[in-house]
There are 2 protein chains.
Amino acid sequence: MGGATVQVRTATIRDVADAAGFSVTTVSHVLNDVQGKRIAENTRDRIRRAAAELQYRPNRLAQGLRTQRTHTIGFVSDSIATTPFAGQMILGAQEAAAEVGSLLLLLSSGGDPDLEDRELQALVDRQVDGVVYAAMYHRVVTPPAKLHDLPAVLLDARTAANEFSSVVPDEVGGARAAVEELLSRGHRRIGFCTDAADIPATRARLAGYRQALEVYGVEFDPDLVSTSHGEAAGGFQSASALLSRPDRPTGLFCFTDRIAFGAYQAAAELGLAVPQDVSIIGFDDQELISANLRPGLTTMALPHYAMGRWAVDTLLEQINSGGNLPAVQQLLPCPLVRRASVSSPPRA
Amino acid sequence: MGGATVQVRTATIRDVADAAGFSVTTVSHVLNDVQGKRIAENTRDRIRRAAAELQYRPNRLAQGLRTQRTHTIGFVSDSIATTPFAGQMILGAQEAAAEVGSLLLLLSSGGDPDLEDRELQALVDRQVDGVVYAAMYHRVVTPPAKLHDLPAVLLDARTAANEFSSVVPDEVGGARAAVEELLSRGHRRIGFCTDAADIPATRARLAGYRQALEVYGVEFDPDLVSTSHGEAAGGFQSASALLSRPDRPTGLFCFTDRIAFGAYQAAAELGLAVPQDVSIIGFDDQELISANLRPGLTTMALPHYAMGRWAVDTLLEQINSGGNLPAVQQLLPCPLVRRASVSSPPRA
DNA sequence: ATGAAAGCGCTAACAC
DNA sequence: GTGTTAGCGCTTTCAT
């Protein structure tokens, strides 16, 4: 059979009190290390011993009911199944929570506002100490109104008015670093294979691309940015177009690793070797792609784990401060992950 | 600022009772639809009205303390960040839980037995109704002893002795279906690029491979199975070796999509087109790879979502039955996902 | 047909 | 130094 037939009655604070021969008050004081109580060392010992003996564990429900603190944090996201990123955010959040003895109550709404509302209510019903509201890709969101009624921080998302503390990747900085990686190797004609979606990442990464060019005194050439729709197929098209030009770029900055995946395919089709004939740099560090491509893809990692931690840490501060801290908007850096897809440009 | 400054005091059952002019007992009876109580329709109405008016929501903590049922399920896994599969299992579990008003308390142990123990204890402290113990790839596990003390089911894992109910993919059936997909198109020399790890999946998929051959009366040729270590690089090696043979196979069954990824690279290197010169079929349906490869990879999907649901449904049954159901070991089918990497073999 | 009261396990104000 | 007691918000037995 699976699991217990007999739910072993676990020891309560009463049991400990009885066993130790003191009142529950004293037990509570001792076990919680309440300051300013003078309790005999000997008493402390006996109580601690009894507690250990009985394998006493405080009932968190009862505790929460009494203290209005459940040490439970709600984590709601628009989607969780579709990207491997989710796991890293959750892990970061969970580990930060664990450090203060808190646990994560996980919920995914699939983007349905009604469901989102009900889920948030379910969290409130369980008296969560606060909520992390996460998006699976950097977005501007409008969370349910209820979110204003309790401590909350936004993860990989922000609202138009920035009423909440939030953390998102430094897309501009990441893109600039990516393009500078190419520039510093000597590339001067650098294509940008981007996505058609109008989201923070497309705008910011384009801005970063332009900034990097400017730093190196390279003029921006709009013909070198090619837009397509998402996935590898789009990247294949964009890159094919760019690499078929007579004055083809020697380096390609791809909006995502998926697009870079397509760019590899385009290069192969055209008989161009990576990185000898064309250097390619991606964005996202989707290891399933970046580490398995041949040669390995140099790319910018998204700081999902760090963002998850930041969100919870910040939420905790907010909770502990009684909730009147100013909202802060945090940018976290995107680290460069060097593999083997970038080299010097071919000698002309 | 983020979140509430003022924690709005929410209405309690007392408030509803007062507002409606009845006792809390009656309110509880009405709101919980307790059977066998004769309460005037009119009374019911007034109470329901008052509850709605005050936006009353029962405090789940108090409820749980009293009823010993928290409508909370623990979900502990050995890892969550490293695979995109985690999300699907969690989603399946979460949705099944939501259907009965339960929520998931998520925890990932990183495989550390000590941590695992503490995490499980944290769940017990919070009085979870039961626990789903998940592995991120099909494994034989030895969960902490504590797991025996409460309702639990294993997800994508089982123990050596099968003491718990568990659900894992039907690896044998999946592998057989994959190889039959090749056989049915006319392939007779089919290579198997597998992994060196000694885990349930390697053994089972090899068995499925052999079963399929047998069904079609094709003799098993050990030279056609090539073992390597994991990732794409291993697949590249295996496939290169197999495809360089004078009597090279016309079809390749790859242990994972990552290995298939490497096989694509090997085929390209050898100037072999997929699927015209060699058909390739994978396993796992890692969409980041399978959907982005060119041509799209035909592969066997792993039933993560369904397994997640099954685990929670089964756990719920166990909880509701008071916990003396026999343990059941469930196999869930791996659906074939057809894309474009399989065709008839080339005419010799 | 409705209500009083006990109690789930804990903390904390207060008393001694 | 230690103990009594009220109460967090709810369900449920037992009265009436």
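Please refer to the structure higher up on the page.
Residues numbered from 1 in each chain as written. Chains lettered and ligands numbered in written order. Predicted model: local features only at pLDDT ≥ 70, side-chain atom pairs only at ≥ 80, totals over all residues.

Trainee: How should helix H4 (residues 60–67) of chain B be read in this particular structure?
Mentor: Within H4 of chain B, burial applies to Arg60, Leu61 and Gly64 of chain B. When H4 of chain B is viewed along its axis, its buried side chains cluster within an angular range of 100° and face the same direction. With respect to the buried face of H4 of chain B, the exposed residues turned more than 90 degrees away are Arg66 and Thr67 of chain B. Buried positions along H4 of chain B lie against helix H4 (60–67) and helix H6 (113–125) of chain A. Note on H4 of chain B: the residue one or two positions beyond its end, glutamine 68 of chain B, has a positive phi of about 65°. (Buried ≥ 20, exposed ≤ 12 C-beta atoms within 10 Å, placed from the backbone. Helix = DSSP H or I, 4+ residues; strand = E, 2+ residues; numbered from the N terminus. Arc of directions from axis to C-beta. Contact = placed C-beta atoms within 7 Å.)

Trainee: Before we go on, may I ask you to explain the pairing of strand S6 (residues 190–195) of chain A in this structure?
Mentor: Along any regular strand the residues' side chains alternate between the sheet's two faces. Residue and element names in this part refer to chain A. S6 sits mainly inside the fold: six of its six residues count as buried. Side-chain alternation along S6 places Ile190, Phe192 and Thr194 on one buried face and Gly191, Cys193 and Asp195 on a second face that is also buried. Pairing analysis gives four bridges linking S6 to strand S8 (residues 251–254), with the strands arranged parallel. Across the sheet, phenylalanine 192 pairs through a bridge with phenylalanine 253, a residue of S8. Here four bridges tie S6 to strand S7 (residues 225–228), and the two strands are oriented parallel to one another. Directly across from cysteine 193, in S7, lies its bridge partner serine 226. In this view, the connection linking S6 to its parallel neighbour S7 by way of helix H8 (residues 200–215) has right-handed handedness. (Pairing = 2+ DSSP bridges. Right-handed = clockwise from strand over helix to strand, strands pointing away.)

Trainee: Help me understand the protein's contact with DNA strand C in this model?
Mentor: Around DNA strand C, the structure places 25 residues, and the nearest of them are Thr12, Ile13 and Ala62 of chain A together with Ser23 and Arg38 of chain B. Of all the secondary structure elements, the ones that give two or more residues to the surface near DNA strand C are helix H2 (24–31) and H4 of chain A together with helix H2 (24–31) and H4 of chain B. The dominant element in the surface near DNA strand C, judged by the number of residues it contributes, is H4 of chain A, at five residues. Across the surface near DNA strand C, the residue classes tally to 10 nonpolar, 11 polar and four charged. (Near = placed C-beta within 6 Å. Nonpolar A, V, L, I, M, F, W, Y, C, P; charged D, E, K, R; others polar.)

Trainee: Just to check I follow, could you spell out the sheet that holds S6 of chain A for this structure?
Mentor: Remark on secondary structure: sheet strands pair via backbone hydrogen bonds, oriented parallel or antiparallel. Residues and elements named next belong to chain A. Ordered by their spatial adjacency, six strands build an open sheet running S7-S6-S8-S9-S10-S12, and the pairing between neighbours is mixed. The two strands at the open ends of the sheet, each matched to only one other strand, are S7 and strand S12 (336–337). By the bridge criterion, four bridges tie strand S9 (residues 279–284) to strand S10 (residues 298–301) in an arrangement that is parallel. In the sheet register, isoleucine 281 faces S10, and the bridge partner there is threonine 298. Running over the sheet, helix H9 (residues 232–244) touches S6, S7 and S8 and is turned about 150° from S7. Lying on the sheet, helix H10 (residues 257–269) is in contact with S6, S8, S9 and S10; it crosses S9 at an angle near 155°. (Axes fitted to C-alpha atoms, helices over the stretch in contact; angles between N-to-C directions.)

It is worth stressing that arrangement in space is one thing and function is another; only the former is reported here.
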